[in-house]
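These are the residues of each chain, in order.
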Amino acid sequence: MLTLKNISKKLGEFHLTDISIEIPDGTYYVLLGRSGSGKTQLLELIAGLNKPDSGEIWLDGDNITADRIQGRGTGLVFQDYAIFPNMTVFGNIAYSLNANRTERTGMRRRVESVARELNILHLLDRDTHHLSGGELQRVALARTLITRPKLLLLDEPMASIDASLKDDIKRLLRNLNRKGLTIIHVTHDYREAVSLATKVGVIHNGKIIQEGKTDEVFRRPVNRFVARYSGIRNFYRVTFRKESGNWEAVCNDGLTFLMSEDEYPETGLMILRSDDIKILHEGPSNGEDNCFKGKVTEILPSEYGMEITVDTGEVFYVDVSADTFKEYPVYENSEVWISFSRKAGVALHGTS
Amino acid sequence: MNRYGPFNWILLILSSLILLFLIAPLLGLFIQTSAGEFLETAKDKEVQDSIWLTIWVAFAATFFFAIAAIPFSWLLARKNFPLKGIVQGLIDLPVVLPHTAAGIALLGFISRDGPLGKIASFAGINLVNNPAGIALAMAFVSLPFLINSARDGFAAVPERLEKAALNLGASRTRVFFTVSLPLAWRSIITGFIMMFARGMSEFGAVVIIAYHPMIAPVLIYDRFTSFGLSSARPAAVLFIIVALAVFTVLRLLSERRRPVMVKKEYADS
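Presented here is a report on the structure given in the accompanying data block.

What counts, and where the lines are drawn
Residues numbered from 1 in each chain as written. Chains lettered and ligands numbered in written order. Predicted model: local features only at pLDDT ≥ 70, side-chain atom pairs only at ≥ 80, totals over all residues. Helix = DSSP H or I, 4+ residues; strand = E, 2+ residues; numbered from the N terminus. Buried ≥ 20, exposed ≤ 12 C-beta atoms within 10 Å, placed from the backbone. Pairing = 2+ DSSP bridges. Axes fitted to C-alpha atoms, helices over the stretch in contact; angles between N-to-C directions. Parallel < 35°, antiparallel > 145°, perpendicular 65-115°, else oblique. Left-handed = near helix turned anticlockwise from the far one by under 90°. Contact = placed C-beta atoms within 7 Å. Nonpolar A, V, L, I, M, F, W, Y, C, P; charged D, E, K, R; others polar.

Check the secondary structure of chain B and you find 14 helices and 0 strands. From first element to last, N terminus to C terminus, chain B shows the α and β order α-α-α-α-α-α-α-α-α-α-α-α-α-α. With the C-alpha coordinates of chain B rotated into their principal frame, the extents come out at 75 × 65 × 35 Å. For chain B, buried positions account for 36% of its 269 residues.

Attention now goes to the sheet that holds strand S10 (residues 207-213) of chain A. All names here are of chain A. Ordered by their spatial adjacency, 6 strands build an open sheet running S6-S7-S8-S3-S9-S10, and the pairing between neighbours is mixed. The open sheet has two edge strands with one neighbour each: strand S6 (74-77) and S10. Along the sheet, successive strands turn relative to each other by an average axial angle of 15 degrees, direction set aside. Note: strand S7 (residues 151-155) against strand S8 (residues 182-187), 5 bridges, orientation parallel. The partner of Leu 151 across the bridge, within S8, is Thr 182.

Residue and element names in this part refer to chain B. Following both chains from N to C, one finds helix H4 (residues 84-96) and helix H7 (residues 131-156) inclined at 130 degrees, their axes separated by 7 Å at the closest point. Looking at the two axes, H4 sits oblique to H7. The hand of the H4/H7 crossing is left-handed. Across from Ile 91, Asp 92, Pro 94 and Val 95 in H4, the residues of H7 making contact are Phe 140, Val 141, Leu 143, Pro 144 and Ile 147. In terms of residue class, the contact of H4 with H7 is made up of 8 nonpolar, no polar and 1 charged.

The subject of this paragraph is the pairing of strand S2 (residues 14-23) of chain A. Consecutive residues of a regular strand have side chains that alternate between opposite faces of the sheet. Residues and elements named next belong to chain A. Strand direction decides the pairing type here: strand S1 (residues 2-11) and S2, joined by 7 bridges, are antiparallel. Paired with Lys 10 across the strands is His 15, a residue of S2. Hairpin connection from S1 to S2: 2 residues lie between these consecutive antiparallel strands, with Gly 12 at a positive phi of about 65 degrees.

Okay, here's the thing in structure tokens:
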């Protein structure tokens, strides 16, 4: 278990402020934040590359705050991999074993074993200058994993590799985590968090602004920043009211959504995930909580398939899978009905 | 006039003038020295001894001072400490000092009454008029070349590589010898050769410390003042040829070591 207790650090004009996190063993923790938010700095504090001004870092019951980098049991994979250019792939992977004066045959066996696991056995005798981004990353991972770290720290592991390799790396990281390795993965891309994390922390301006299980964070963002950061594009400034025992959210132009929770503030923001909205081709049917007629104003390809913009007076962004779009195509300027459950609308209490 | 334009022509003329200024005296030196004079000087034991002394003392000075100067260069590249700017300025001081003044300053330090001279006296060594004193004089004026070049080399090594090595369990010493030093190697070798070259060609500081035994620059000066230009010229030609040969060999040896490429993304960060 990694525990950060009230960690603060001043780095020039930038401050990491009062960061407290608990990461149980076996967790895949994704720290999500924009560039300059302090996520890499936090990772480097955990790895011991820098020391906090205040606060404590505990790993498996030991206070490692002041421990040397070498003795912390954390393995850090840098964003640019920091592969030693003066060594072969083998030399890079075996570096920590050399440091520990591991006997030569044992060293070869261990290097080959980890290289096989990462599918880079064929690269061992190559120098590192002509390796691709994906290969370099595997070398960096192998070099760290061979140290058998208690905690694997990954700084933007997907940032420098081709999109086609990202799935392979995700699979690899997921497998490592399933084998029990605790991973902290820093990224600016919420999609990495969605596909990998069991727990997510969102960091902004040096502060953790929301933390929790992945689903909780993405379904119930605490404010507009987290919502936007988790890929939500539908925001509505609303007034909440209770009518006939049901809560409703009323937009400025009068559009009214049925809501599901027991209590709401007077005013606030309502958010709606794009994939929670359906397009109805047959028109409204009974049992739909929120159903509105609008005009399709734009259709753009997205990673999910298509993103369709529907104007009902308020603008809705709707994600439709490629298969669904193929089966039930819609066209720009055509009229459609959209619908979403009353549980899909989430009220944000903070509006920052 | 054509596609090059007037600006390029002016550049060409100015550059040619500078090159001519550098080459012409040397060329004149070679042209005015007859083969007979040259061969006779080459056989001269005193000349041979002085050239050999110059080479080995300059090399020894460079080698032994490099042992301390290289880690010091790493310190300058990596660490911030109080008065660092002043320390950097002190390192460059020998470059701007008149070398005879440097020699006088050093003489006060290494003569029998000076602090280092006293210590050497205990070991029965008089540093004045001694190869050890010559080495100190050479090192005093040439150290900035090694330190500055090595410092720039270390500064160009991405610090993250060193941090990655520490994260992999290596000690600071091991990181220095396996990561920092190999990656800064080319700059260090360049600095080493520059220091060696500067040491070999030093006259002003050495002549104050040791007129005898004579290093080649002192011998050339001695022949000039005692016997005139015609006597000094063949010795100068021989020394220049030997010096050029030594540097060429050193350069070739250092080139044979495969360059370590630091990827651009590392270098930029």
